[in-house]
Amino acid sequence: MTVSDEFFQKLFGDSEPTDLGSGWISGVGSIFCGLLGLGGVLCLRFPALLTLPEARAHYPIHIVRLLIEGTIIAAFVFGAVSAYLRQRKVLALTGMGLGLAAALLGGGNVPLPGEVASKTGIGVDWFLLDLLVMTVVFLPLERFWPLHSG
C-alpha cells in the first residue's frame, strides 16, 4: 500500500459496506459532483488562465452554467443521501463542502468578462468536460460488463 493509499484510507475509509444502498456510492458521487462544480466555477472566474482559447469560443455558455448549477445541486443531494445512509459522514461532508465552496464563489452565475485576451490556458475546462463525459459513458459500461468480474 502506497503512502497516498494509506492517507486516503485513514481519511475516507471505514468498515462499512460499499455496495448499492450503503451510501458509499452517493458519497463518492457527491465528491465527484462537488469537484466538477467547483472546477467549473473556477473556470468561469479565471477564464484566461484555466480555459483553452480554442474551445472557449465554442461553448454554449447558458448550457455550461446550467451544468455547473446542476452539479452543485447534485453534490448536495448525493451528500444528503450519503449522510443519511452512512455512520461515518466524511464522504457526505466533503462533497457538500465542495458544493458549498462552488456556490459561495458564485455558482453558475459568475459574470464573464466581455473578452478574454489570453492566447494560452491550462485547459481545466476541457479536463472537467472530458471527465464528466467519460464518467457518463464508461461507468454504466463497466457496471454492466465488468472487465474482471471477481
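So, how was this worked out
Residues numbered from 1 in each chain as written. Predicted model: local features only at pLDDT ≥ 70, side-chain atom pairs only at ≥ 80, totals over all residues. Heavy atoms only, no water. Helix = DSSP H or I, 4+ residues; strand = E, 2+ residues; numbered from the N terminus. Buried < 20%, exposed > 50% of the residue type's maximum accessible area, 1.4 Å probe, protein only. Contact = heavy atoms within 4.5 Å.

Engineer: Got a minute to help me understand the overall build of the protein chain in this structure?
Structural biologist: The helix and strand inventory of the protein chain stands at seven helices and zero strands. Written out in order from the N terminus, the α and β elements of the protein chain read α-α-α-α-α-α-α. Looking at the protein chain residue by residue over its 150 residues, the buried ones come to 30%. Put simply, 86% of the contacts in the protein chain that link residues at least 6 apart link residues at least 24 apart.

Engineer: Can you help me understand the environment of R45 in this one?
Structural biologist: Mapped onto the elements of the fold, R45 is located in helix α2 (residues 24-45). On the accessibility criterion, R45 (41% relative accessible area) is partly exposed. Separated by 67 residues in the primary sequence, R45 and L112 place their C-alpha atoms 7.3 Å from one another. Discounting chain neighbours no more than four positions away, the residues touching R45 are L105, G106 and V110.

What is shown is where atoms sit, not what they do.
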